[in-house]
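# Per-entry structural report
Read off the chains here:
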Amino acid sequence: MRRPVNRLRTGSALVALLALTTACGLAAEKPADQATSTEPIVIGMSLPLSGPVADRAKPGMEGYQYWVDELNAAGGLLGRKVELKVLDDSFDQQTAISDYTRLISQDKVDLLLGTFSSDLNIAVAPVAERYKYVYVQPSGGADEIFARDFKYLFFAQPATTQKLPDRFVDLIAGLPADQRPKSLALVQLDDPNTTQAAKLFGERLGALGVKTVYNKTYAPDTSNFDTIANAIKQAKPDLVINGSIAGDGISLIRSFQKVSFSPKQFYQLNTPTDPSFAKSIGASSTEGIFTYLAWSPEAKYPSNAGFVAGYTKQFKAAPSEDAANSYTAGQVLATAVKAVGKLDQTAIADWLHKNTVETVVGPLNWDATGRPQGDMLLGQFQNGKLQIVSPKSAATSADVLFVKPGWSGS
Amino acid sequence: MSAETSAPRRRVPKRWLIGLGVLAAVAIPFLTPSSYIHNVLILTFLLGVLGSGWNVMSGLTGYVSLGHSAFIGVGAYTAGILASQWAVSPFLVAPLGGIAAALVALALSWVTRRTRGVAFVIVSYAMLELLGLIVRNWSSLTGGSQGLLMPLPDWDVRFHNWPFYYALLALLLLSVAMTSAIRRSKFGLGLVAIRDDEDKAAGIGVPAPIYKSLAFMASAVLVGVAGAIYGYYVSFLTVSTMFDIVLSLQVVLAVLLGGRATVWGPVLGAFIIVPLAEVTNTSIGGVDAGAFRLIMFGGLLLLVTLALPRGIIASVARLLDRRTAQAGARLASTALPVAPMSSRTLAPGTDLLRVDGVTVQFGGVKALDNASIVVPAGSITALIGPNGSGKTTLFNVIDGTYEPAAGDVVLNGKSLAKLDRTGRAFAGIGRTYQLPRLFDSLTVLENVAAVNDRFEPRRLVHSAVSGAEAARATGLLEFVGLGEYVDAAATDLSYGQRKLVELAQLLMLDPAVILLDEPAAGINPTLLQRLAELIRSLNATGRTFVIVEHDMQFVLALADQTTVLAHGKVIASGDPATVSTDPAVLEAYLGDDFVLEPTTGPRP
Amino acid sequence: MTLLVQTVILGLLVGGVYALMSSGFSLVFGVMRIINLAHGAMIVLAAFLSWWVWDRTGIDPLLVGVIITPVMYVVGRVLYRLVIARVHRIDHELAMVASFGVAIAAGGVMALIWGTEVRSATPSYFNTSFQLGSVVIPQAQLYAFAGALAILGALYGLLRGTFLGRAIRACSENRDSAALVGIEVERTMAQMFAIGAATTGFGGAALSVIYQFVPDSHYVWIGRILCVVILGGLGSLLGAALGAAILGLGEALTSSYVDTRWATAVPYILIIVILLVRPQGLLGGKLRADGARA
């Protein structure tokens with residue numbers, strides 16, 4: 001005669017559980033509905049604060065931090081204070097997805113800001129799109145992220161990888177034919193950002209008659225660059241374009257030094273804007289290296305000087321490109337919210353599609369897919385300093401070194 | 001890993017508790033609209049499915065995998081590629097993801113057919129990394145580092161995660177049901193036997209390669225399906241997410257925490273680990289959050305291994321289950337039951353087993369040197385000789401442990417040279433060991449029920465603890481005098497009792513020839529006498545014995561014929577009385593004061 | 001031809017680095033059957049220490065490596081006492097899992113202390129080479145190679161020529177018999193584990209000069225060490241050296257002649273090939289485990 005008793009107990013326990021869960025569900029929903037204008041606006045984000053790109057995410061987070069402090073000092077947004085809710089995804093896509101889902105559906109944040117790297121943004125953008133949240137991403141310009149025609153996605157740099165080679169290729173095209181490099185080595189990390197850029201470089205320079213004599217992709221775990229450097233040396237290219245992301249670019253330069261190979265021209269993606277770049281390879285070895293920049297501390301855009309000065313004061317260090325990128329994303333979001341005058345995601349997105357925003361990387365506007373319509377800057381190390389050499393309007397140095405001196409110390 | 005979980009300790013939670021849990025899981029999407037809670041549960045279910053799969057390979061079979069998330073990757077990419085090529089819903093092709101994962105598992109079992117222990121762990125990790133690199137580099141098919149886009153879900157946003165949620169919940173329940181079924185089956189017994197002692201298992205008719213292949217496939221198939229659904233859920237496949245070493249480690253932590261080789265351990269572990277990870281993700285902030293999380297995760301792993309090496313379920317069960325100690329070791333001194341009949345007996349007198357000129361060499365030492373013996377059907381042959389004379393080595397040649405440099409072993413007119421140990425067990429060779437080798441995580445009954453006298457796929461699903469197999473095993477245990485110990489853990493038995501269980505295993509196998517390796521060593525006189533009676537009564541049913549023994553009185557009283565080995569060579573052969581007076585034998589082994597007593601113990 | 005010669009030289013030098021990294025690991029496995037997955041973390045710890053001292057004082061990092069060898073010995077001793085000794089008697093695979101827990105947590109601790117920035121010691125010779133005709137020999141790698149030879153030689157001498165070595169080998173062959181003849185097994189084990197850890201002192205120093213590293217770098221290194229050791233035959237020092245050379249060469253040749261993107265797959269492919277062809281590794285002896293138990 002035990003069964004009926006059990007069944008009864010099961011039934012009542014189930015009812016109690018249902019009641020409890022329902023109560024919790026309702027309780028969780030209330031605050032969002034009753035949000036009043038005195039409560040702070042919460043902006044959610046998840047950053048790769050641990051894991052392989054942690055050293056670039058930290059300045060990124062500080063850029064956001066600085067932006068919020070500055071915003072609050074000026075009275076906040078829509079008359080309300082602004083708070084950041086920052087989660088750590090340890091550079092794991094699933095965690096990033098999970099974090100943004102949580103921010104949207106559990107924490108019910110008012111606004112989102114984007115995370116770092118193409119890898120993470122390509123995973124997170126669909127989540128924001130699905131829930132119709134404006135998603136301004138500070139970094140990660142792989143063009144394919146924007147190939148899905150999302151309406152709520154915006155990139156806070158001047159261009160995606162699609163237009164990344166433009167300035168450098170134009171510079172080469174501007175040279176007399178006999179002064180152009182004859183041969184090209186492409187060597188890149190296997191990453192959506194770099195492989196696509198390298199492909200474009202190969203095609204565009206090929207059209208100028210530059211022959212590709214070496215074209216290899218290396219895996220993210222690669223630590224032995226000596227053999228790669230040696231193989232490139234044996235291929236004897238004039239120009240080397242290295243699609244690097246971070247430390248891999250430094251490793252390749254060190255290996256070039258070891259095998260005593262210095263190309264006539266050397267262009268590197270991403271790595272040279274890392275604050276520790278000059279220290280890692282020696283300041284004098286940086287001479288003549290080209291790279292692209294989304295932002296420059298010297299650029300004469302209205303808010304830029306204030307940002308550089310304020311940030312330096314607050315963090316006792318000059319802002320890195322990553323810090324500037326997140327600051328830019330914040331500027332984009334704040335400008336749109338102020339213009340719309342309410343926290344209406346669709347209205348904010350619509351406004352951004354139609355208008356131009358003044359930022360520290362210059363005026364930004366977007367096409368229907370969220371691709372920005374600007375161009376990157378072309379930089380080159382000259383006398384230990386990263387100078388902008390193109391476009392002319394933003395240039396900080398009038399000269400371009402077309403023949404890189406040999407490495408120092410080799 | 002040798003988790004100590006035997007059948008009687010397997011504590012199935014009360015049925016209503018399970019029902020309640022399932023109902024709650026089914027109801028949650030209706031109760032809370034929070035996609036975040038759905039998301040956490042989806043990840044929990046995924047880890048639960050992965051953990052249950054891992055548990056079959058690593059908990060039950062003992063092959064510890066550090067690369068189990070590879071099956072998620074294989075399932076996800078298979079479904080992703082097929083869904084885009086055939087333009088169908090990934091749900092439709094998810095089962096194919098499971099099949100692909102099972103095939104990869106089959107390949108893994110083939111590659112590692114001779115790999116055990118820590119080497120296997122390393123191979124499993126290598127498999128994960130290598131598969132990840134292949135997927136990454138095969139970019140024309142998989143999108144490489146650009147990733148593979150899955151279609152976005154096309155149902156209404158209100159139901160956003162429901163299909164993923166229920167699909168993974170169903171897979172989790174299926175995984176638990178599968179583990180539970182395996183654990184109760186004869187197949188499951190075989191897996192545990194492999195984990196405890198793979199060589200011994202091979203000798204009692206557990207074909208390890210087949211069992212391992214099946215277990216690996218079972219371990220991967222549902223994980224592959226879950227991977228396909230998970231991939232669709234993420235909507236974007238990259239190598240770093242789908243072949244994720246962190247997930248592979250999380251699953252180890254989850255199952256260790258919950259309880260290895262238990263049915264519900266992986267589920268419990270998943271329900272602890274995933275929410276815990278979520279809480280720490282969101283509660284620890286600041287730029288050092290990552291470092292703190294690493295310290296916490298690593299510390300937890302360390303703590304579990306140090307404090308809870310058997311997991312929560314086994315530890316709790318042990319607390320609840322302070323079983324009364326078994327009644328003292330005592331043999332039934334009643335009259336011997338009737339010996340079970342053998343189905344293999346041959347006409348007495350024909351040559352059943354022939355060892356022809358066998359030579360075995362270890363380095364420069366010849367352990368056996370052109371040794372030959374002939375064992376007639378229905379006989380008891382004593383194999384004697386000083387220590388190191390090659391007796392056990394001869395057994396190892398007969399049962400296929402060693403491959404001889406020269407010579408052949410012939411059973412019933414057929415050479416055994418091409419057969420492995422399991423093949424020889426099926427052909428009719430059964431042996432015991434000097435130090436009895438039992439499966440310590442199994443009960444006495446399970447130890448005997450694990451035996452197979454032939455391989456039949458049908459039999460794999462037979463229940464291990466009930467039905468005809470179990471009844472036969474119980475009968476054999478009663479025959480050897482251990483009827484009261486069927487449910488005892490093998491570890492609770494005395495040394496002598498363990499020898500009797502090994503004998504019962506052999507009777508279950510019912511081989512043509514029974515090889516006993518020093519059965520009399522280290523057991524008390526009462527048991528010795530009992531053993532002699534058992535051997536005689538079994539011999540009376542037509543069974544054939546070869547006995548290696550140092551207790552001359554014991555063995556020569558039993559034996560019909562005797563072979564003496566010294567330095568790997570046969571120095572004498574014949575009936576016991578003649579051999580025991582042979583001067584060469586006396587000099588080499590017995591000593592010249594040896595006198596053979598007429599009998600030991602009464603003839604039945 | 002220059003390409004080939006240069007590739008082979010670079011590959012062998014990298015092999016030397018691998019041998020250096022795996023020697024202590026192989027020793028510990030050979031005797032205790034323990035896969036110490038915290039070995040990579042110890043190497044990275046030693047790399048941080050070398051880099052840190054070099055950064056503060058300017059003392060040559062490789063020299064610092066020699067100085068911190070006793071520090072790593074103590075680290076090994078502590079790790080053995082607190083963790084390994086408690087679990088390895090229960091279960092070897094459990095000891096492996098526990099050591100992995102240590103590795104993960106150690107990564108976090110190092111990130112707290114030194115941050116997650118990419119580090120590298122850059123003494124004067126870090127990027128220079130000796131020139132032999134058209135072939136170059138990177139200096140730092142050559143020093144690491146020499147260090148590998150010295151450490152392997154010392155370990156070999158220790159095992160063959162000293163009482164401790166004989167005790168270690170006795171424990172490795174049969175722990176119970178070793179105890180019977182009066183060897184203090186636990187103490188020998190602790191000693192040996194700590195010696196294995198001590199080898200990471202110079203290994204880490206070499207890492208800090210030759211490569212860049214972050215706290216998480218230990219994952220990469222433990223992967224390669226496992227490959228080297230499986231390849232050479234678990235527990236064989238000479239095998240580990242041979243395995244390291246083959247791995248270094250294999251990676252270099254793959255990178256130059258097949259495709260750079262397959263270079264990181266070489267360790268895993270080698271593991272699987274060796275298991276199919278020769279499961280006991282190149283120099284691993286055939287174990288008589290089964291027969292011995294019988």
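For clarity, every value in this text was computed on a predicted model and none was experimentally measured. (Residues numbered from 1 in each chain as written. Chains lettered and ligands numbered in written order. Predicted model: local features only at pLDDT ≥ 70, side-chain atom pairs only at ≥ 80, totals over all residues.)

The next point concerns the interface of chain B and chain C. Between chain B and chain C, the contact holds 40 residues from the first and 40 residues from the second. Of all the elements in the fold, those that place two or more residues in the side of chain B that touches chain C are helix H5 (117-137), helix H12 (245-258), helix H14 (289-307) and helix H16 (391-398) of chain B. The biggest single contributor to the side of chain B that touches chain C is H14 of chain B, with 12 residues. Each residue belonging to the side of chain B that touches chain C can be placed in one class, and the counts come to 24 nonpolar, 12 polar and 4 charged. (Contact = placed C-beta atoms within 7 Å. Helix = DSSP H or I, 4+ residues; strand = E, 2+ residues; numbered from the N terminus. Nonpolar A, V, L, I, M, F, W, Y, C, P; charged D, E, K, R; others polar.)

Next up on the list: the domain arrangement of chain A. All names here are of chain A. Taken domain by domain, chain A comprises domain 1 (41-160 + 299-364) and domain 2 (163-297 + 377-394). Computed over C-alpha atoms, the centres of domain 1 and domain 2 are 28 Å apart. Taken residue by residue, the interface counts 23 residues in domain 1 and 14 residues in domain 2. Elements that contribute at least two residues to the side of domain 1 that touches domain 2 include exactly helix H4 (118-130) and helix H11 (321-340). (Domains from an automatic or database assignment.)

Residues and elements named next belong to chain A. Pairing in this open sheet of 3 strands is parallel, and the strands run E2-E1-E3 from one edge to the other. The open sheet terminates on both sides in strands that have one partner only, identified here as strand E2 (82-88) and strand E3 (111-112). Relative to E2, strand E1 (residues 41-47) runs parallel, the two sharing 7 bridges. Bridged to Ser 46 within E2 is Leu 87. Contacting E1, E2 and E3, helix H3 (residues 93-106) runs over the sheet at an angle of about 170° to E1. (Pairing = 2+ DSSP bridges. Axes fitted to C-alpha atoms, helices over the stretch in contact; angles between N-to-C directions.)

Residues and elements named next belong to chain A. In terms of residue burial, strand E8 (residues 239-243) counts as a mostly covered element, since 5 of its 5 residues are buried. Here E8 shows a buried face lined by Leu 239, Ile 241 and Gly 243 and a second buried face lined by Val 240 and Asn 242. Pairing between strand E6 (residues 183-189) and E8: 5 bridges, direction parallel. Directly across from Leu 186, in E8, lies its bridge partner Ile 241. Here 4 bridges tie E8 to strand E9 (residues 265-268), and the two strands are oriented parallel to one another. Within E9, the residue paired with Asn 242 across the bridge is Gln 268. (Buried ≥ 20, exposed ≤ 12 C-beta atoms within 10 Å, placed from the backbone.)

Attention now moves to H5 of chain B. For H5 of chain B, which comprises 21 residues, the first-to-last C-alpha distance of 31 Å matches the rise-based estimate of 30 Å (1.5 Å per residue) to within 8%. Counting buried positions over the 21 residues of H5 of chain B gives 19, a clear majority of the element. (Expected span 1.5 Å × (residues − 1).)

The interface of chain A with chain B comprises 42 residues on the first partner and 40 residues on the second. Going through the elements one at a time, helix H1 (2-33), helix H2 (54-73), E2, H3, H4 and helix H6 (192-207) of chain A are the ones with two or more residues in the side of chain A that touches chain B. Counted by class, the side of chain A that touches chain B contains 16 nonpolar, 16 polar and 10 charged residues.

The next subject is the domain arrangement of chain B. Residues and elements named next belong to chain B. If you check the domain split of chain B, you get domain 1 (37-277 + 293-317) and domain 2 (351-437 + 510-590). Inter-centroid distance (C-alpha atoms) of domain 1 to domain 2 is 46 Å. Contacts between the two partners involve 8 residues from domain 1 and, on the opposite side, 7 residues from domain 2. Residues of the side of domain 1 that touches domain 2, tallied by class, amount to 4 nonpolar, 2 polar and 2 charged.

This brings us to the sheet that holds strand E12 (residues 569-574) of chain B. Residues and elements named next belong to chain B. Taken in spatial order, the 6 strands of this open sheet run E8-E9-E10-E5-E11-E12, and their pairing is mixed. Since the sheet does not close on itself, it has two edges, and those belong to strand E8 (429-431) and E12, each with one partner. Strand-to-strand, the axes of this sheet are offset by a mean angle of 20°, without reference to chain direction. By the bridge criterion, 3 bridges tie E8 to strand E9 (residues 513-517) in an arrangement that is parallel. Looking at E9, one finds that Ile 429 is bridged to Val 513. Packed on one face of the sheet, H16 meets strand E5 (380-384), E8, E9, strand E10 (544-548) and strand E11 (561-566) and runs near 145° to E9.

Further remarks concern the nonpolar core. Among the nonpolar cores identified, the biggest contains 438 residues, and Leu 112 of chain A, Leu 168, Ala 226, Ile 229, Val 448 and Ala 504 of chain B together with Ile 271 of chain C are the most heavily contacted of them. Element by element, the count of residues in this core is highest for helix H10 (residues 208-234) of chain B, at 19 residues. Dropping the residues within four chain positions of it, Ile 271 of chain C is found in contact with Ile 122, Val 123 and Ala 126 of chain B together with Cys 227, Ile 230 and Leu 231 of chain C. (Core = buried A, V, L, I, M, F, W, Y, C linked by C-beta atoms within 7 Å.)

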